[in-house]
Amino acid sequence: MADVVAPTMPGAVPPGADRVTSFGRALRGRTTVAPLDAGAVATTRGITRGSGCSYGDQAWCSGGLSWTAPVDVRIGTDEVDVGGGVVLRDLLRDLWPLGRTLAVLPGSLAVTVGGAIAADVHGKNHASAGTFGHHVLGLDLVTPSGRRAVGPEDEAFRATTGGMGLTGTIERARLATVPLASTWATHTTTPVTGVTDLLATMEAARADHEHVAAWLDLVAPHVRGIVEATTVDVDGPRTDAMLPSPPTVRVPPLPTSLVRRGSIRVANAARFRLARSATTRVPLTSALFPLESVGGFPHVYGPTGFVQHQVVVPDGHDDVLVDVVACHRELPIVPALAVLKWLGDAGPGHLSFPRRGWTLAVDLPASGPGLGDHLDAIDQRVAAVGGRVYLAKDATAAPGAIAAMYPRLAEWRRVADDLDPDHLVTSDLDRRLGLRRPGIEVADA
Amino acid sequence: MRDGVGRLQRVVLLGGTSDIGLAIVERLVRRRRAAEVVLAGRDADALEEAAERLRTCGATVGISPLSATAAGPEVAAAVRATLDVRTDVVVHAVGVLPHDDRDGDDPGLATAVFDVNTTGSGVMLLAAARTLQAQGHGTLVALSSVAAVRARPDNLVYGAAKAGYDALACGLADQLRGTGARVLVVRPGFIHSRMTATHDEAPLARHPSDVAVAVDRALDRRDGPTARRIVWVPPAMAVVAAGIRTMPGPVLTAVARRLEERGG
């Protein structure tokens, strides 16, 4: 007979009334959102919550507290000292007029500094610039065992970058800044048909562009896409009017999903046919931050929302990438938006997502349990060659699958346990995947 | 923890040998990847047998002792011992159905029916609901019965006991609104199972798998102000129940007698 492990629930709090959802609105929870309180962190179950841009249940703790970090900014000459709750967009609005920027910026600027570190996010320039964590000079970490100043050489640093907030709250961070010569960029678009040609075009674009990504049309009869390569201009001008700004257009909540195979087919065909092989000068913001243009876009998926499935397929396994693309195309569910990028070497964290290879992110309507089985099959295929799912996006992975994808999980667990011996820091993601504590299916294999 | 597409992680069955309860759990294991199951009940051998069957579906199954007739605090502790923060669904399928229709004439039998179906079961519901409320997520599936809508002459004590159980479950469903946890009250009509094997089939009879499908569907609908709290199996039973509830006493007695004669 199997022993059923029944973890205790230390410091249970009364259920809060705050309703939270994943970015894609497929997951929902109830939690109490509260400003960070170092005393309460030592006695109460909880996790840090930033802007709520994670695609799953990463940033809340059902029945527990969800901490928000400070939002003040101190700007130095080549670094900034910021609260973990500072939103990247706001930080850039302070930095760009001074001619500085951050080396690594994700596609969405709505995320917080703490969230960017916790997910160890990457940009389209990962191959040359690494992850967000590579440019962090130091952290103030609030853990149940106290407040700690953590530097890049510390184990706690490696456990925290990419650690999904499960080592404690990033109260402050010191980030290196780099010069920003221009708010303009040279942007090259190349429509391509066929996966092999897409990969070849992207490889060629990598040689002379910092930022490379491809949008894929997975519902067309043949896979096709548009390779977008961007290089920030080196000779200006810097236009203050072109600062990142919050979306001006917002999709309201809709009673039903607009994402159907037919509608996506039409939209994709239009996008592909309107694209020209061309090189243009465009504002940096529109080239690098596509998610910034329209607010509330998850609402187009209706009340059931969507999940994003992002995997990395290690270098040398293009056949697996082709299989994964084929899997998505065979799904009864429409792969509404697919983005392909090339990743460079692994990030600093134990649980950092990137490793050298292709990464494919696909937005899928969260239609029901059947979709999960398809995604499980893809996960297995990818894990078999050393690939992994991105924890910041995950909403469906099998608990038992994570250890194989993240070989440093046990090492990470040990450091996290040192910082938080009573396992007070926990999120729904942590419980669902058994990150801090292995689930029973591992013990009873 | 429930995932982004509605799959489950951990399911607990209170009344681990119940045909209906096991049908629900088996469906959740097969369709919703519920990998961890706990069966709680009295008969260790029967539980082990049921556990073996679920293991062949791919679940890891644990067994836990639980008796509805133990002292209240003991019952509550036994329920809490089966739960942890990852539990998504607790199915409560504990109950006895007297073989004799005239259960009202046997004080010993009546006591047993109230003890198990109302007192013990009620304590279990309360313990499970409180735990789910504290963890801020999860669904408590309370197996009530269409009998709960009115204690008919032909199932007087069972109906009255289930009415108490049903009232508590519905009250908990209201109380848990907005906590992240929820209660689903299931009211099946006649279901073919071990419990009803010696009883005459009633109209609209269904099988445990039909209850499982109905519960599974209700779990698809996420919690919210408009989410359903009551599931009738079959759905037409809602209409029958409305009839039974509003029927004048003399008519109800006559109908019950007619059904009894037809059955006999």
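Residues numbered from 1 in each chain as written. Chains lettered and ligands numbered in written order. Predicted model: local features only at pLDDT ≥ 70, side-chain atom pairs only at ≥ 80, totals over all residues. Heavy atoms only, no water.

Trainee: Before we go on, may I ask you to explain the interface of chain B and chain A in this structure?
Mentor: Size of an interface, as often reported, equals the accessible area lost when the parts are brought together. Contact residues are listed per partner, giving 37 residues for chain B and 41 residues for chain A. When the two sides are added together, the surface that chain B and chain A hide from each other amounts to roughly 2,900 Å², 57% of it contributed by carbon and sulfur. Residue assignment for the side of chain B that touches chain A shows that the elements contributing at least two residues are α1 (19–32), β2 (36–41), α2 (44–55), β3 (60–65) and α4 (107–135) of chain B. Tallied by class, the residues present in the side of chain B that touches chain A amount to ten nonpolar, 13 polar and 14 charged. (Contact = heavy atoms within 4.5 Å. Buried area = accessible area lost by both parts, 1.4 Å probe. Helix = DSSP H or I, 4+ residues; strand = E, 2+ residues; numbered from the N terminus. Nonpolar A, V, L, I, M, F, W, Y, C, P; charged D, E, K, R; others polar.)

Trainee: Would you take a moment to explain the environment of B:Asp166 for this structure?
Mentor: Residue and element names in this part refer to chain B. Mapped onto the elements of the fold, Asp166 is located in helix α5 (residues 156–175). The buried category is assigned to Asp166, whose relative accessible area is 7%. C-alpha of Asp166 to C-alpha of Pro188: the two residues are 22 residues apart in sequence and 12 Å apart in space. Among all residues touching Asp166, those that are not within four sequence positions of it are Ser144, Ala148, Val185 and Arg187. Polar contacts involving the side chain of Asp166 include one to the side chain of Ser144, which spans 2.6 Å. (Buried < 20%, exposed > 50% of the residue type's maximum accessible area, 1.4 Å probe, protein only. Polar contact = N/O pair within 3.5 Å; in protein donor to acceptor, adjacent residues only side chain to side chain.)

Trainee: I tried to follow unusual backbone geometry on my own but got confused; where do I start?
Mentor: For residues other than glycine, phi is negative in most cases, and the peptide bonds are mostly trans. For the bond from B:Val233 to B:Pro234, the omega torsion is -10 degrees, close enough to zero to count as cis. Located in the positive-phi region is A:Met164, a residue other than glycine, with phi close to 55 degrees. Here A:Met164 lies in the loop between α5 (155–160) and β10 (169–176). Backbone geometry places A:His423, a non-glycine residue, at a positive phi of 55 degrees. Note that A:His423 resides in the loop between α12 (409–419) and α13 (428–433).

Trainee: What is the right way to look at the nonpolar core in this model?
Mentor: In summary, soluble globular proteins display a tendency toward joint burial of nonpolar side chains. In this structure, A:Val113, A:Phe132, A:Leu175 and A:Ile402 are the most contacted members of the largest nonpolar core, which totals 103 residues. Here A:Ile402 is in contact with A:Val389, A:Leu391, A:Ala397, A:Leu409, A:Leu433 and A:Leu435, once residues within four sequence places are set aside. In this structure, B:Leu22, B:Ala50, B:Leu143 and B:Leu219 belong to the second largest nonpolar core, which totals 36 residues. (Core = buried A, V, L, I, M, F, W, Y, C linked by side-chain atoms within 4.5 Å.)

Trainee: I keep staring at the pairing of strand β18 (residues 306–314) of chain A and nothing clicks. Help me out?
Mentor: Each regular strand shows side chains that alternate between the opposite faces of the sheet. All names here are of chain A. The buried fraction of β18 is high, at nine of nine residues. Burial along β18 is two-sided: Phe306, Gln308, Gln310, Val312 and Pro314 and Val307, His309, Val311 and Val313, pointing in opposite directions, are all buried. One ladder, built from nine bridges, connects β18 with strand β20 (residues 357–365); its direction is antiparallel. Counterpart to Val311 in the pairing with β20 is Leu360. Of the strand pairs in this sheet, β18 and strand β21 (residues 388–389) are connected by two bridges, and their pairing is antiparallel. (Pairing = 2+ DSSP bridges.)

Trainee: In this structure, what is going on with empty space enclosed by the protein? I would like to understand it.
Mentor: Over the atoms rolls a probe the size of a water molecule, and its path tells where empty space is left. All names here are of chain A. Under the counting rule described, the total for this entry stands at three cavities of 30 Å³ or more. For the largest cavity, the calculated volume is near 50 Å³. By residue number, the principal contributor to the lining of the largest cavity is strand β3 (residues 46–48), which donates three residues. For the lining of the largest cavity, a count of residues per class yields five nonpolar, six polar and no charged. (1 Å grid on protein atoms, 1.4 Å probe; cavity = no way out; pocket = protein on both sides within 12 Å on 5 of 7 lines; lining within 4 Å. Points joined across faces, edges and corners; volume = space filled by probe spheres on them.)

Trainee: Hey, could you run me through the sheet that holds β2(B) in this one?
Mentor: Residues and elements named next belong to chain B. The seven strands lie next to each other as β3-β2-β1-β4-β5-β6-β7, forming an open sheet whose pairing is parallel. What marks the edges here is a single partner per strand, and that holds for β3 and β7 (230–233). Averaged over all pairs of adjacent strands, the angle between their axes in this sheet comes to 20 degrees, without regard to strand direction. Two strands pair when backbone bridges link them, and strand β5 (residues 138–143) and strand β6 (residues 181–188) are joined in this way by six bridges, in the parallel orientation. Paired with Leu140 across the strands is Val183, a residue of β6. Together, β1 (10–14), β2 and β3 form the strand contacts of helix α3 (residues 72–82), whose direction differs from that of β1 by roughly 155 degrees. Here helix α7 (residues 237–246) sits on the sheet in contact with β6 and β7, set at roughly 95 degrees to β7. (Axes fitted to C-alpha atoms, helices over the stretch in contact; angles between N-to-C directions.)

Trainee: Honestly, the pattern of salt bridges in this entry has me stumped. Any pointers?
Mentor: Residues and elements named next belong to chain B. Following the criterion strictly, the structure yields 41 salt bridges over all chains and no others. Two residues, Asp216 and Arg27, come together in a salt bridge whose shortest N-O distance is 2.8 Å. Here Arg27 lies in helix α1 and Asp216 lies in helix α6 (residues 208–220), a separation of 189 residues in the sequence. The class of Asp216 is buried, set by a relative accessible area of 1%. A salt bridge links Arg55 to Glu52, with the shortest nitrogen-to-oxygen separation between them at 2.9 Å. Of the two residues, Arg55 and Glu52 are both situated in helix α2; the distance of three residues between them amounts to about one turn of the helix. Taking the relative accessible area as the measure of exposure, Arg55 reaches 22% and is therefore partly exposed. (Salt bridge = Lys/Arg side-chain N within 4 Å of Asp/Glu carboxyl O.)

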